[in-house]
Amino acid sequence: MEFKRVVVTGLGALTPVGNSVSETWESLLQGKSGAGPITLFDASQFKTQFACEVKGFNPNDHFDRKEARRYDRYTQFALVAAKEALEDSGLDLEKTDLERVGVIISAGIGGLETFEQEVMDYSPEKGPRFNPFFIPKMISDIAAGLVSIQYGFSGPNYSVASACASSTNAIIDAAIMIRLGKADVMVAGGSEAAVTVAGIGGFNAMNALSTRNDSPETASRPFSKSRDGFVLGEGSSILILEELEHALARGAKIYAEFAGFGLSADAHHLTASHPEGLGAKLVMQRTLEDANLKPGDVDYINVHGTSTPVGDISEVKAITAVFGDEAKKLNISSTKSMTGHLLGATGALEALVAVKSVCEDVIPPTINHQPDDEDPEFPALNYTFDKPCHRTVRAAMSNTFGFGGHNACVLFKKYTSK
């Protein structure tokens, strides 16, 4: 069976560094940090008092008040990002077979804020008086469902749960649907809004978050010796994936081609990656095989790079094992140094970054690294510190790893007619 080719024709984003794709991309190229003191709740008693929040977002600017009350923050983000992506794609829905358009939008957690509010409002004295929208607002598949309802898309529709790899898995599943001829167009990505009491408190209890409260903007510092945990972020990123001939027939602009993917498991630990990066190594090898590319064909890797002591070094070990002598020719960067870690939405955002890098031949930097903060454990690779790098990007890879050892990787390349 010959697989159909898949291309990216639309992008949408709502992130800690921008409320659109263009604003997000410019902020990344400028090395702008999205971190700051938490404003969504009083975090004064928490070990971590900062996060990468979406700024200036008012749901009433996008939904009527009745709708806004029925949607959790994570769903609101997804609907806004999906709208931008669809508008960007130029799809004429009146001329599109909506039965051939699907939606896969994932979350690692989903409506955490809704869950908190409902449970905290309960007391034995009051009795179980829960909001009838409690469950529909909370569940992690509802964003995908609402996008399909809003636009009438009746193709494949679901959500994927694989912790921080969730939205990368969503993109992979969407591409598979198109490859196999099950859909012509897929709206794919992720959304998350876990900057809440339970989100910060839960990750603090695991000692997973940075506690650099005196300098939030510099707290996420991947590959640096002083890295002390990730910075929690929120937001949404959506990609429009389309079957190539369908895109060409309507004269769509093509950002990049979906070249391949890989999946693997660390099979090692509940939350920690394998110290030698064995699962990460396997997922990148499988991605190259699926794309029929060699290590020397890849110019950029947007790494998972969360700024954790174990995770960063294990991923770099995996890269050097897979790419060998070609590793030094790569540009590597972690945009989490600016956006923070968007959990279930992070893979889709970083896939978007990979697509933009291929399209525009520029690579965003890793910020917050100081020369006196070198970690001798890291090999001398090009981590793209401080400034963007302008170079031809033939192919770009994006790694995403989730609690439970879930590894997912996607690779995008420049579109050519052959």
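Up top is the structure.
Residues numbered from 1 in each chain as written. Predicted model: local features only at pLDDT ≥ 70, side-chain atom pairs only at ≥ 80, totals over all residues. Heavy atoms only, no water.

A look at the environment of Thr168
Working step 1: Relative to the assigned elements, Thr168 resides in helix H7 (residues 166–179).
Working step 2: Using a relative accessible area of 1% as the deciding quantity, one classes Thr168 as buried.
Working step 3: When the C-alpha positions of Thr168 and Asp61 are compared, they lie 29 Å apart, and in sequence the two are 107 residues distant.
Working step 4: Within the local environment of Thr168, its side chain forms a polar contact with the side chain of Thr400, the two groups lying 2.7 Å apart. (Helix = DSSP H or I, 4+ residues; strand = E, 2+ residues; numbered from the N terminus. Buried < 20%, exposed > 50% of the residue type's maximum accessible area, 1.4 Å probe, protein only. Polar contact = N/O pair within 3.5 Å; in protein donor to acceptor, adjacent residues only side chain to side chain.)

Thoughts on the nonpolar core
Working step 1: Ranked by size, the top nonpolar core spans 45 residues in total, and within it Ile171, Leu239, Leu241 and Phe412 carry the most contacts.
Working step 2: Excluding residues that lie within four positions of it along the chain, Leu239 makes contacts with Val8, Gly10, Leu11, Ile171, Met186, Val187, Ala188, Ala348, Ala351, Leu352, Val355 and Phe412.
Working step 3: Grouped together as the second largest cluster of nonpolar side chains are 32 residues, Ala68, Ala143, Tyr151 and Val187 included. (Core = buried A, V, L, I, M, F, W, Y, C linked by side-chain atoms within 4.5 Å. Contact = heavy atoms within 4.5 Å.)

A closer look at the pairing of strand E8 (residues 256–265)
Working step 1: For E8, the tally of buried residues reaches eight of ten residues, placing the bulk of the element in the interior.
Working step 2: Sheet topology note: the strand E1 (residues 6–14)/E8 ladder contains three bridges and is antiparallel. The residue bridging Val6 from the neighbouring strand is Phe258, located in E8.
Working step 3: Strand direction decides the pairing type here: E8 and strand E14 (residues 406–413), joined by eight bridges, are antiparallel. Bridge pairing links Phe258 to Phe412 in E14. (Pairing = 2+ DSSP bridges.)

Considering the environment of Asn207
Working step 1: Note that Asn207 resides in the loop between helix H8 (197–205) and strand E7 (235–243).
Working step 2: Sequence separation of Asn207 and Asp92 is 115 residues, and the distance between their C-alpha atoms is 48 Å.

Some remarks on the pattern of salt bridges
Working step 1: The tally for this structure, following the rule as stated, stands at 17 salt bridges.
Working step 2: Between Asp184 and Arg100 there is a salt bridge whose closest N-O contact spans 3.0 Å. Of this pair, Asp184 sits in the loop between H7 and strand E6 (185–192) while Arg100 sits in the loop between helix H3 (73–89) and strand E4 (101–106); the two residues are 84 residues apart in sequence, bridging distant segments of the chain.
Working step 3: Each of Arg227, Asp312 and Asp375 takes part in one network of salt bridges that share partners. (Salt bridge = Lys/Arg side-chain N within 4 Å of Asp/Glu carboxyl O.)

Quick look at the pairing of E6
Working step 1: Of all eight residues that make up E6, eight are buried, and the element is covered over most of its length.
Working step 2: Here E6 shows no split at all, with Val185, Val187, Gly189 and Ser191 on one side and Met186, Ala188, Gly190 and Glu192 on the other all buried.

Nothing here speaks to function; it is geometry throughout.
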